[in-house]
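What follows is each chain in one-letter form.
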Amino acid sequence: MLRRTRIRCSTNTVNNHDVHFMEHALDLARKGVGLASPNPTVGCVIVKDGAIVGDGFHRYAERDHAEIVALKQAGEKARGATLYVTLEPCNHTGRTGPCTEAIVAAGITRVVAAMEDPNPKTRGGGFTRLRCAGIEAETGVLEAEAQKLNEAFACWITTHKPFVTLKSALTLDGQLVIPQISGSKRRTWITSEESRAEVQRMRHASDALLTGIGTILADDPLLTDRSALPRRRRLLRVVLDTKLRLSHKSRIVESADDDLLVFTATSLKSVKARALRDAGVELISIKPRAGRVDLNAVLKELGKRQNLSVLLEAGPTLNGVALSAGAVNKLILFYAPKLAGDSRLPLVSQLDCAIPRFHIRSFQQFGPDLAIELIPRT
């Protein structure tokens, strides 16, 4: 789960000036959604005499961290300036050198970070290095916003498993579908175009989309990211299919392009398995648990593949399995002002645990629909 860090800034340090420039840094960081993973999304702003002299955000493919992008833009103007960054600067060598050394060399005199590095192995090290170099270092400005922006990275770096968001569209009476009008072949959407556009934004922000074979057989969906925003790597579409019932003629298979992963409990030597592999589907066999593909094993495998975030778009069976296993980090439920009547397809069909309890984190209206964001009580 996302670890909340304690604010270390005194009230006289957190001022409107700092908040203004940190808001800009957060806006920059959001531009990295879909482009930074498996690294965190980070934005940076360098300010001197009240004016921005350099700014930037991190793109994984371009290597440079946000601080380096901003420092290169600022050049000599960085000397004596304040650097605002949404995440504690790194003090270790990975794909790049430590940002702390670049900050020291540039002559920055003050660093304001929104949050600490969530990695327990490196947390606090950046601030320590900066302070040892005589640089004033503070954290906690707009911390909650920064933590929410990188909640998936924080989960992955501490648990080695992705952050799972269960998303669903529901009627007011809690049903996943609206009965079809007799004789009509046209799909009846529960939610509005505005809600569906938001779902595409959520897909864009996710590394993987997870569903069960029941959803594939019932709806024959594509489950793609149809937003117009750029992303560094394709949205990985993941299907749990215990008995390998997936058809090679399904739309999700026909559109496979190194972005479809199927977990099954059956042999991978069958004619069916070979046909799916020939169609571009990657298959992984996992020992079943309680007659189903082991969801915990699936999430561990996705974490190994550097998938920080998973969007769960499934039916009542898989929703129940995920909630029972405690695998859901967040729920986002879109309620439409409609009634389904006796459709008998609820959000969850069965829970094999005590009734989960949640906090309402926020709610927002999309067109006529109400989206509620919930997180589990700890």
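If you're wondering where the values come from, they're calculated on a predicted model, not measured in any experiment.

K.L.:
Quick one: what's the story with the overall build of the protein chain, residue by residue and with numbers?
P.N.:
In terms of helices and strands, the protein chain carries 12 helices and 16 strands. Scaling as 2.2 N^0.38, a compact globule of 378 residues should have a C-alpha radius of gyration of about 21 Å, and the protein chain matches this with 23 Å. Counting only C-alpha atoms, the protein chain reaches 70 × 45 × 40 Å along its principal axes. When each of the 378 residues of the protein chain is scored for burial, the buried share is 50%. Pairs at least 24 residues apart make up 70% of the contacts formed inside the protein chain by residues separated by at least 6 positions. As displayed, the protein chain has an accessible area near 18300 Å², and 52% of this comes from carbon and sulfur atoms. Here the protein chain holds 53 positive side-chain charges and 40 negative ones, and the gap between their average locations is 6 Å.

K.L.:
Can you break down the sheet that holds strand 15 (residues 358-366) residue by residue, with the values?
P.N.:
The 9 strands lie next to each other as 10-9-8-7-13-6-14-16-15, forming an open sheet whose pairing is mixed. If you trace the sheet from one side to the other, it starts and ends with strand 10 (282-285) and strand 15, each paired once. With direction set aside, neighbouring strand axes in the sheet form an average angle of 20°. Bridging between strand 6 (residues 163-170) and strand 13 (residues 309-312) involves 4 bridges; their strand directions are parallel. Pairing of leucine 166 across the sheet is with leucine 312, part of strand 13. Contacts from helix 7 (residues 193-204) reach strand 6, strand 7 (208-212), strand 13, strand 14 (330-335), strand 15 and strand 16 (369-376) within the one sheet, and its direction differs from that of strand 14 by about 160°. Docked against the sheet, helix 12 (residues 316-324) engages strand 6, strand 7, strand 8 (236-240), strand 13, strand 14 and strand 15, running at close to 135° with respect to strand 13.

K.L.:
How would you sum up the confidence of the model for the protein chain? Please name residues and give values.
P.N.:
For the protein chain, the average pLDDT comes to 93, and 94% of its residues sit at 70 or higher. pLDDT under 50 marks residues 1-12. Its contacts with residues more than four places away, or in other chains, come to 25 contacts.

K.L.:
Explain the sheet that holds strand 2 (residues 51-57) residue by residue, including any values.
P.N.:
The strand order 2-1-3-4-5 describes an open sheet built from 5 strands, whose pairing is mixed. Edge strands, defined here as strands with exactly one partner in the open sheet, are strand 2 and strand 5 (136-139). Neighbour-to-neighbour, the strand axes of this sheet turn through a mean angle of 15°, independent of strand direction. Of the strand pairs in this sheet, strand 3 (residues 82-85) and strand 4 (residues 110-113) are connected by 4 bridges, and their pairing is parallel. Each residue of the ladder has a partner; that of threonine 82, found in strand 4, is arginine 110. Most of the contacts of helix 2 (residues 66-74) go to strand 2, to which it runs at about 140°, and overall it touches strand 1 (43-48), strand 2 and strand 3.

K.L.:
Give a description of helix 6 (residues 151-159) that names residues and reports values.
P.N.:
Of all 9 residues making up helix 6, 7 are buried, and the element is well covered by its neighbours. Each element contacted by the buried residues of helix 6 is listed here: helix 5 (143-149), strand 6, helix 11 (295-304), strand 13, strand 14 and strand 15. Just downstream of helix 6, histidine 160 is the residue with a positive phi angle, here 65°.

K.L.:
Tell me about the side chain of serine 168, and name the residues and values.
P.N.:
Along the chain, serine 168 falls in strand 6. With relative accessibility at 4%, the residue serine 168 sits in the buried group.

Cut-off values and rules
The residue numbering used here restarts from 1 in each chain and proceeds along that chain's sequence as written. Reporting of local features is limited, given that this is a predicted model, to residues whose pLDDT is at least 70; pairs of side-chain atoms are given and counted only at 80 or more, and all residues count toward the totals for whole chains, interfaces and linings. As a convention, hydrogens and water are excluded, and side-chain values are obtained from all of the structure's heavy atoms. Helical segments are the DSSP runs of H or I of at least four residues, strand segments are the runs of E of at least two, and each set is numbered from the N terminus. With C-alpha atoms as the basis for the radius of gyration, the globule rule is written as 2.2 Å multiplied by the number of residues raised to the power 0.38. Throughout, exposure labels follow a simple rule: accessible area from a 1.4 Å probe, protein chains only, divided by the maximum for the residue type, with under 20% read as buried, over 50% as exposed, and the rest as partly exposed. Should any heavy atoms of two residues lie within 4.5 Å, those residues are considered in contact. All accessible-area figures derive from a Shrake-Rupley calculation using a 1.4 Å probe, and residue coverage is judged against the displayed protein chains alone. This count recognises Lys and Arg as positive and Asp and Glu as negative, with His and chain-terminal groups excluded. Here the site of a charge means NZ on Lys, CZ on Arg, CG on Asp, or CD on Glu. A pair of strands is treated as paired once DSSP finds two or more bridges between them. Interaxial angle, 0 to 180 degrees, is taken between N-to-C directions of lines fitted to C-alpha atoms, where a helix line uses only the stretch in contact. In predicted models, pLDDT denotes the confidence assigned by the predictor to each residue on a 0 to 100 scale.

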